[in-house]
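As a plain string of letters, each chain reads:
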Amino acid sequence: MTMYAPPGSTVPGGRRRRGGTSVPKQPERSLVSALPGALSITALCTALAEPAWLRVHGGTCPRQELGVADVLGYIDPKLLDDYCVNPQTILLMRVIAAFCFLGILCSLIAFLLDVFGPKHPALKITRRYAFAHILTVLQCATVIGFCYWASELILSLQQQHKKYHGSLIYVTFAISFYLVAGAGGASILATAANLLRHYPTEEEEQALVLLSEMEDSSETYPADYDIANQFQPPPAYTP
């Protein structure tokens, strides 16, 4: 007697396929955006560690390079006595350091979300729309703006206290400034990688969850369960 088997079943004996093709998963991890996020963290940490943020030329200040490390914690009185900085510049440099720390924190959060891809709705939305990366970009832009403001204040201070009459005085940006700019650029790339990635719609996600539950429930059948028994026709009628 020939028994009916569902179409597409190629398993001998009509038994349920086990270990076959599973429902495709949609991973929330994004290593493409995690890589520039890691570069952003590295650049911001290096910028804080580097002492060179601004270079001073032509004034009475004997220091050629100034940075946030000079105004964190103990401040050398010679910086004020030699007119390298003033109280307003010190405040600006401390604000720059604070925004750098915030940028490192946001980059670290974004990196962890990209690497682990949590399924919690709030964290998933935060990662998909790259909120942490966008905050990092804004903080890097704020640091760049404050650096320009600090350079103008230091330039004005040096022009008021020239070493020689007619000295050419100018203030330029040093390596830490460009590291912060690079960190902002890396965060922009990470933002683009998250926003340009295709994600399933809410209906598609619900369908995937339903299919996954059905697939998991199919594993509850015993190994020797013959699905063809469900479709075996009734015995022939005998009067």
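Every chain's residues receive numbers from 1 upward, in the order its sequence appears when written. In keeping with the model being predicted, local features are shown solely for residues with a pLDDT of at least 70 and side-chain atom pairs are shown and tallied solely at 80 or more, while totals for entire chains, interfaces and linings include all residues. Side-chain measures here rest on the full set of heavy atoms in the structure, leaving out hydrogens and waters.

A.B. asks: Quick question: what am I supposed to make of the sheet that holds strand β1 (residues 54-57) here?
C.D. replies: In any sheet, the strands associate via hydrogen bonds between backbone groups, in a parallel or an antiparallel arrangement. The antiparallel open sheet is built from three strands, whose spatial order is β2-β1-β3. Sheet topology places β2 (65-66) and β3 (170-173) at the edges, where each strand pairs with a single neighbour. Judged from the two bridges that link them, β1 and β2 form a sheet pairing that is antiparallel. Bridging from a neighbouring strand, arginine 55 pairs with glutamate 65 of β2. Residue contacts are counted whenever heavy atoms from the two residues lie within 4.5 Å of one another. Angles shown run from 0 to 180 degrees and are taken between the N-to-C directions of axes, each axis being a line fitted to C-alpha atoms and, for helices, limited to the stretch in contact. Helix numbers and strand numbers start at the N terminus; a helix is a DSSP run of H or I with at least 4 residues, a strand a run of E with at least 2. Contacts between helix α5 (residues 131-160) and the sheet are confined to β1, β2 and β3, with β3 contributing the most and set at about 160° to the helix. By this definition, two strands are paired if DSSP reports at least two bridges between them.

A.B. asks: I would appreciate a short explanation of the state of the cysteines in the present structure.
C.D. replies: Among covalent bonds in proteins, the disulfide is the one between the sulfur atoms of two cysteines. Disulfide assignment relies on a single distance test, namely cysteine sulfur atoms paired within 2.5 Å. Tallying each qualifying case throughout the model produces one disulfide. A sulfur-sulfur distance of 1.9 Å marks the disulfide that ties cysteine 61 to cysteine 84. Residues cysteine 61 and cysteine 84 share a disulfide whose torsion about the S-S bond is about 95°; that sign makes it right-handed. Remark: cysteine 84 occurs in the loop between α2 (77-81) and α3 (87-116) and cysteine 61 occurs in the loop between β1 and β2; sequence separation between them is 23 residues. Each member of the pair, cysteine 61 as well as cysteine 84, carries the same accessibility label: buried. A disulfide-free cysteine, cysteine 45 has its sulfur positioned 9.6 Å from the sulfur of cysteine 100, the nearest such atom. The thiol of cysteine 140 is unpaired, and the distance to the nearest cysteine sulfur, on cysteine 100, comes to 7.4 Å. Classification of residues uses two cut-offs on accessible area relative to the type maximum, computed with a 1.4 Å probe and protein chains only: under 20% is buried, over 50% is exposed, and between them is partly exposed.

A.B. asks: Explanation requested: the environment of arginine 128 in the structure shown.
C.D. replies: Along the chain, the position of arginine 128 falls in helix α4 (residues 121-128). In this structure arginine 128 comes out as buried when scored by relative accessible area, which is 14%. Sequence separation of arginine 128 and arginine 197 is 69 residues, and the distance between their C-alpha atoms is 8.4 Å.

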